[in-house]
Amino acid sequence: MQFRPVRAPGMHDVARLAGVSHMTVSRVLNNHPSVAESTRAKVQAAIDELGYRRNVAARTLVTRRSDTIGVITSGSSLYGPSTTLIAVERAAREAGYFVSVASLESIETSAVTGAIGHFVDQGVDGIVAIAPEAGPAHLAEPFRAQVPVVLVAAGAEPAAGVRIASVDQELGARLATRHLVELGHTRIGHVAGPDPWFDATARVRGWRRELKESRLRPGPVVAGDWTAEGGAAAARVMIRKGLPSALFVANDLMALGVIRALHDAGLSVPQDVSVVGFDDAPGSAYFVPGLTTVRQDLEALGAQCIEMLLDALGGAPADRPPIEPELVIRESTARL
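These figures come from a predicted structure and were not determined experimentally. (Residues numbered from 1 in each chain as written. Predicted model: local features only at pLDDT ≥ 70, side-chain atom pairs only at ≥ 80, totals over all residues. Heavy atoms only, no water.)

Looking now at the confidence of the model for the chain. Looking at the chain as a whole, its pLDDT mean stands at 85, while 87% of the residues score no less than 70. pLDDT under 50 marks residues 1-5. Its contacts with residues more than four places away, or in other chains, come to zero contacts. (pLDDT = per-residue confidence, 0-100. Contact = heavy atoms within 4.5 Å.)

In structure tokens:
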């Protein structure tokens, strides 16, 4: 006897079991607000009992929408990029979209072009690219595509069809530097992030501009690599060359390394050197001393990415101002 597979349950089966119309089931699946909670519960119970799953491929043929968003990322495990990826995925899910992620070893033009082509072939409705390492030579041009694209990269210039989402990194650096100036520090150094990261470049720019407006000369600047080890190495260089009274460090992890190197050299924070970090990463309040830092709202950044894509899909203006960061003052800074 020939084996005949059992047909997978469809929306009509769900409607029949729940005692509602096919349209009502569709509204429940699409989170339509007009459905009564009691009806929604009956439909959900029928879905669970039947084991119904939406046929996304068939729905895509009808609506020409896949309800899927592609995300391009470098796969960085650093706090900023990894937290942004999680925030984008969460915001997409809350908006009713699935996420397909392409993790690239480097944000090079050929790799980006290949990932975008793959996503377009999949029929994604839009693309979010988290590209903090992309250098100024890349800008947004390689991210142009046949679907709306939102590029997370502070300081990048938009290209046709590419919107820029970001936290205002330059403002954050200025807030950190201004705080040190207001405490009476006149020689303020900077432990920078590595080139060619957009965030590192913007934070250096903010530090310099705030000092210029305060009529102060920039203190020493040493580039790190975002790690605690890199921060410690940068601090040791500054100790040899002449340590300023205050340091703005481009991320919290490097600030941890800076504080350790200063401790090893017999120096105290903030008695000998005031230190400000950037990120307000988990645990920064528990440094010894608690770290003064710049908090960037990465949850809001993820939501902004999805909102900009939805605006673009709906034909609305998609540009949004950068998200403003916030200075969090703790015990690692003191008046000179």
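Further notes follow.
Another point: the packing of aromatic side chains. Under the definition given, this model contains two aromatic pairs. Ring centres of Trp-197 and Trp-226 lie 5.5 Å apart, and the angle between their planes is 70 degrees; this geometry places the pair in the edge-to-face category. With a gap of 29 residues between them, Trp-197 in the loop between strand S6 (188-192) and helix H8 (198-213) and Trp-226 in the loop between strand S7 (221-223) and helix H9 (228-241) connect regions that are remote in the sequence. Residue classification places Trp-226 among the buried residues on the basis of a relative accessible area of 5%. Ring geometry for Phe-248 versus Phe-278: centroids 6.4 Å apart, planes at 50 degrees, classification tilted. Here Phe-248 is found in strand S8 (residues 246-249), whereas its partner Phe-278 is found in the loop between strand S9 (274-276) and strand S10 (293-295), with 30 residues between them in sequence. No difference in accessibility class separates Phe-248 from Phe-278, as the two residues are buried. Note that Arg-203 overlies the ring of Phe-278, its terminal NZ or CZ placed 3.8 Å from the centroid. (Phe/Tyr/Trp six-rings, centres within 6.5 Å; stacked < 30°, edge-to-face > 60°. Helix = DSSP H or I, 4+ residues; strand = E, 2+ residues; numbered from the N terminus. Buried < 20%, exposed > 50% of the residue type's maximum accessible area, 1.4 Å probe, protein only. Lys NZ or Arg CZ within 6 Å of the ring centre and 35° of its normal.)

Formed by 23 residues in total, the largest nonpolar core has its most connected members in Val-191, Val-249, Val-258 and Val-275. For this core, the secondary structure elements donating two or more residues are H9, S8 and helix H10 (252-264). Considering every element that reaches this core, the biggest residue donor is H10, with six residues. Apart from the residues within four sequence positions on either side, Val-191 is in contact with Val-222, Ala-234, Met-238, Phe-248, Val-249, Ala-250, Met-254 and Val-258. (Core = buried A, V, L, I, M, F, W, Y, C linked by side-chain atoms within 4.5 Å.)

Moving on, we come to the environment of Arg-90. If you trace the backbone, Arg-90 turns up in helix H5 (residues 79-94). For Arg-90, a relative accessible area of 29% translates into the label partly exposed. Measuring from C-alpha to C-alpha, the distance between Arg-90 and Ile-306 comes to 9.7 Å, with 216 residues separating the pair along the chain.

Overall, parallel pairing links the five strands, which are arranged S2-S1-S3-S4-S5 in an open sheet. The open sheet has two free edges, formed respectively by strand S2 (98-103) and strand S5 (162-165), since each of these has just one partner strand. Pairwise comparison of adjacent strand axes, ignoring direction, gives a mean angle of 20 degrees for this sheet. With five bridges connecting them, strand S1 (residues 68-73) and strand S3 (residues 126-130) associate as parallel partners. Paired with Gly-70 across the two strands is Ile-127, which belongs to S3. Against the sheet, helix H6 (residues 109-122) touches S1, S2 and S3, its axis set at about 170 degrees to S1. Sheet strands in contact with helix H11 (residues 298-313) are S1, S3, strand S4 (149-152) and S5, and its direction is about 155 degrees off that of S5. (Pairing = 2+ DSSP bridges. Axes fitted to C-alpha atoms, helices over the stretch in contact; angles between N-to-C directions.)

What follows concerns the pairing of S8. Residues Ala-246 and Phe-248 line one face of S8 and the alternating positions Leu-247 and Val-249 line the opposite face, and both faces are buried. Across four bridges, S6 lies against S8 in parallel orientation. In the sheet register, His-190 faces S8, and the bridge partner there is Phe-248. With three bridges connecting them, S8 and S9 associate as parallel partners. Residue pairing across strands places Ala-246 opposite Ser-274, the latter belonging to S9. Once you follow S8 into H10 and on to S9, the crossover reads as right-handed. (Right-handed = clockwise from strand over helix to strand, strands pointing away.)

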